[in-house]
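Chain and residue survey
Take a look at the letters that make up each chain.
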Amino acid sequence: MADTAPQHTDAESVNAGVGLTALLVAAARAIETHRHDSLAQDIYAEHFVRAAPACADWPVRIEQVPDGDDNPLWGRFARYFGLRTRVLDDFLLRSVRTGARQVVLLGAGLDTRAFRLDWPSDCVVFEIDRAGVLAFKHQVLTDLPATPKAKRVPVPVDLRADWVTALTTAGFDPAAPSVWLAEGLLFYLPSPAETYLIDTVDRLTTEGSTLAFEAKLEEDLQAYRDSPIYTATREQIGIDLLHLFDKGPRPDSAGDLMAKGWSTSVHTPFHFSRRHRRGPLPEPNDALEGNRWVFAHKSSP
């Protein structure tokens, strides 16, 4: 399948700040891949981890973690990312089976779904992210080598810039049904930026389109600063997620979509842990308890 690649480079994009969280999720997907009861398979994930200097010593198998699944970061939190990967994989595949042929990954990071999933032959996967992130991903996958299973169109643009023009110029057709994914993205954005993004997705979509995104409902994120997950992430790999998350109040994006005529369903991650009989369950001082996964379908106006 075709794969057009960005030519820009920006080493800082994956070795610092929010870019580093893409490597955290890649390490979690690698660990999930090698589990005997794996929820999702990503054979490319560990190659990203090994290619970036910032995470050369991170584990890619749970057996490499001294306390294994008892480790809040590489056990429980990584399993959360594995579960999220599986649930969103299923959502995307369901959406294309019902007719959508355009997939838009917002803040795609090191997402390898264009390579991992069995897409219809006429599917196009648009990956929107900063040029440096996409260039790093392209380099790693080219070295393997890896071949996408659908037409893959990287769109190197910052979501704070005019990404709509970049996306439509890359071939996206607003008149055709599409499926959109904002995985682990919105809580890094200021509230007005989230609202703009959701409004823009509504404007760029037609009947039969779908959207999935992750939200956080906590009124005070700092109340969870000493939770096992955030503490372990800070102390073990130096990522302070609460520093990266936007501190302002969050919009009700699910409610906004409903007001625009979308049907939406909102679930806790624990709902899917119980469904798949694997994944995190509630615990005291739980940094995951405010997380919600939102699934939306655009009906006729």
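Up top you'll find the structure we're talking about.
Description of the structure in this document. Per chain, the residues get numbers from 1 upward, laid out in the order the sequence is written. pLDDT decides what is reported in this predicted model: residues at 70 or higher carry local features, side-chain atom pairs at 80 or more are listed and counted, and totals for whole chains, interfaces and linings draw on all residues regardless. The basis for every side-chain value is the complete set of non-hydrogen atoms in the structure, without hydrogens or water.

Our next topic: helix α12 (residues 269-276). If you check which residues of α12 are buried, you get Pro269, Phe270, Phe272, Ser273 and His276. An end-on view of α12 places all buried positions within 160 degrees of arc, on one side of the element. Turned more than 90 degrees away from the buried face of α12, the exposed residues are Arg274 and Arg275. Secondary structure counts use DSSP, requiring at least four H or I residues in a row for a helix and at least two E residues in a row for a strand, with both numbered from the N terminus. Looking one or two places after α12, you find Arg277, whose phi comes out positive at around 60 degrees. For the exposure calls, accessible area comes from a 1.4 Å probe over protein chains only, and a residue counts as buried if that area is under 20% of its type's maximum, exposed if over 50%, partly exposed in between. What the arc covers is the set of directions going from the helix axis to the C-beta atoms.

Grid points spaced at 1 Å over the protein atoms alone were grouped into cavities, where a 1.4 Å probe fits but cannot get out, and pockets, open sets with protein on both sides within 12 Å along at least five of seven lines, with lining residues defined by an atom within 4 Å of a point. Grid points are joined across faces, edges and corners, and a volume is the space filled by probe spheres set on the points. Counted under the stated rule, the structure contains 1 cavity of 30 Å³ or more. Considering the residues around the largest cavity, the lining is formed by Val25, Arg29, Asp42, Thr85, Asp111, Thr112, Arg113, Arg116 and Glu183. For the lining of the largest cavity, the secondary-structure elements that each account for two or more residues are α2 (17-33) and α5 (113-116). When residues are sorted by character, Ala, Val, Leu, Ile, Met, Phe, Trp, Tyr, Cys and Pro go into the nonpolar class, Asp, Glu, Lys and Arg into the charged class, and all the rest, Gly among them, into the polar class. Here the residues of the lining of the largest cavity are counted per class, giving 1 nonpolar, 2 polar and 6 charged.

This part covers the side chain of Lys216. Structurally, the position occupied by Lys216 is in strand β5 (residues 210-216). With a relative accessible area of 8%, Lys216 lands in the buried category. Pairs of N or O atoms within 3.5 Å make up the polar contacts considered here, provided that, within protein, one atom can donate a hydrogen while the other can accept it, and that residues adjacent in sequence are counted only when both atoms are side-chain atoms. One polar contact links Lys216 to Glu218, side chain to side chain, over a distance of 3.4 Å. Among the polar contacts made by the side chain of Lys216, one reaches the main-chain carbonyl oxygen of Ala287 at a distance of 3.4 Å. When near neighbours in sequence (up to four residues on either side) are disregarded, Lys216 contacts Phe187, Leu221, Tyr230, Phe245, Arg250, Ala287, Gly290 and Asn291. The contact definition used throughout considers only heavy atoms, calling two residues in contact when any of these lie within 4.5 Å.

In an α-helix there are 3.6 residues to a turn, and that puts residues three or four apart on one side. What a helix should span is 1.5 Å times the count of its residues minus one. Taking 1.5 Å per residue, 13 residues should reach 18 Å; helix α6 (residues 131-143) reaches 18 Å between its end C-alpha atoms and fits that length. Residues of α6 that are buried include every one of Ala131, Gly132, Val133, Leu134, Ala135, Phe136, Lys137, Val140 and Leu141, and no others.

Moving on: the side chain of Glu32. Inspection of the secondary structure puts Glu32 in helix α2. Exposure remark for Glu32: the relative accessible area of 1% places this residue in the buried category. A polar side-chain atom of Glu32 sits 2.7 Å from the main-chain amide nitrogen of Leu39. Among residues more than four places away in sequence, those in contact with Glu32 are Asp37, Ser38, Leu39, Ala40, Ala78, Arg79 and Gly82.

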